[in-house]
Amino acid sequence: MGHLRRLAELTFLIAFGLVEITTTVFDQYPILMWLGAVVVLAILVDSLRCARSQWRQLREAPSGEPSGSS
């Protein structure tokens, strides 16, 4: 499920960037830009949280191997 969420987040970021670059929707409806910016901020916070968790798992794993790998 985590991979699906990350794929959806990446898709949103790409779509948001393409809409910003190729259209004038955000000039016509600035509220959409602000809503998109809030979602981008939420994705950033989630990414930082996941990275911190992964870093903690790497530090705590014995002999430098990540936990859960085969």
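Shown above is the structure to which this text applies.
Moving on: the overall build of the chain. Counting its secondary structure elements, the chain contains three helices and zero strands. Listing every helix and strand of the chain by position from the N terminus yields α-α-α. Looking at the chain as a whole, 10% of its 70 residues qualify as buried.

In a regular helix each residue adds 1.5 Å, so 31 residues correspond to 45 Å; helix α3 (residues 30–60) covers 45 Å between its end C-alpha atoms and thus fits that length. Buried within α3 are the following residues: Gly-36, Ile-43, Asp-46 and Cys-50. On its buried face, α3 is in contact with α1 (2–22).

Moving on: the side chain of Asp-46. Here Asp-46 is to be found in helix α3. According to the relative accessible area criterion, Asp-46 is buried, its value standing at 13%. When neighbours within four sequence positions are excluded, Asp-46 is seen to be in contact with Arg-5 and Glu-9.

On to the environment of Phe-26. Looking at the element boundaries, Phe-26 is found in helix α2 (residues 25–28). Looking at Phe-26, the relative accessible area reads 11%, which means it is buried. Between the alpha carbons of Phe-26 and Gly-36 there is a distance of 9.7 Å; along the sequence they are 10 residues apart. When sequence neighbours within four positions are dropped, the list of residues in contact with Phe-26 reads Phe-16, Val-19, Glu-20, Leu-32 and Met-33.

Moving on, we get to the packing of α1 against α3. Relative placement of two packed helices is described by the angle separating their axes and the distance separating the axes. Their axes nearest at 11 Å, the elements α1 and α3 cross at an angle of 140°. Here α1 is positioned oblique relative to α3, judged by the angle of their axes. Remark: the crossing between α1 and α3 carries left-handed chirality. Across from Arg-5, Arg-6, Glu-9, Phe-12, Leu-13 and Phe-16 in α1, the residues of α3 making contact are Met-33, Gly-36, Ala-37, Val-39, Val-40, Ile-43, Asp-46, Arg-49 and Cys-50.

Basis of the calculations
- Residues numbered from 1 in each chain as written.
- Predicted model: local features only at pLDDT ≥ 70, side-chain atom pairs only at ≥ 80, totals over all residues.
- Heavy atoms only, no water.
- Helix = DSSP H or I, 4+ residues; strand = E, 2+ residues; numbered from the N terminus.
- Buried < 20%, exposed > 50% of the residue type's maximum accessible area, 1.4 Å probe, protein only.
- Expected span 1.5 Å × (residues − 1).
- Contact = heavy atoms within 4.5 Å.
- Axes fitted to C-alpha atoms, helices over the stretch in contact; angles between N-to-C directions.
- Parallel < 35°, antiparallel > 145°, perpendicular 65-115°, else oblique.
- Left-handed = near helix turned anticlockwise from the far one by under 90°.

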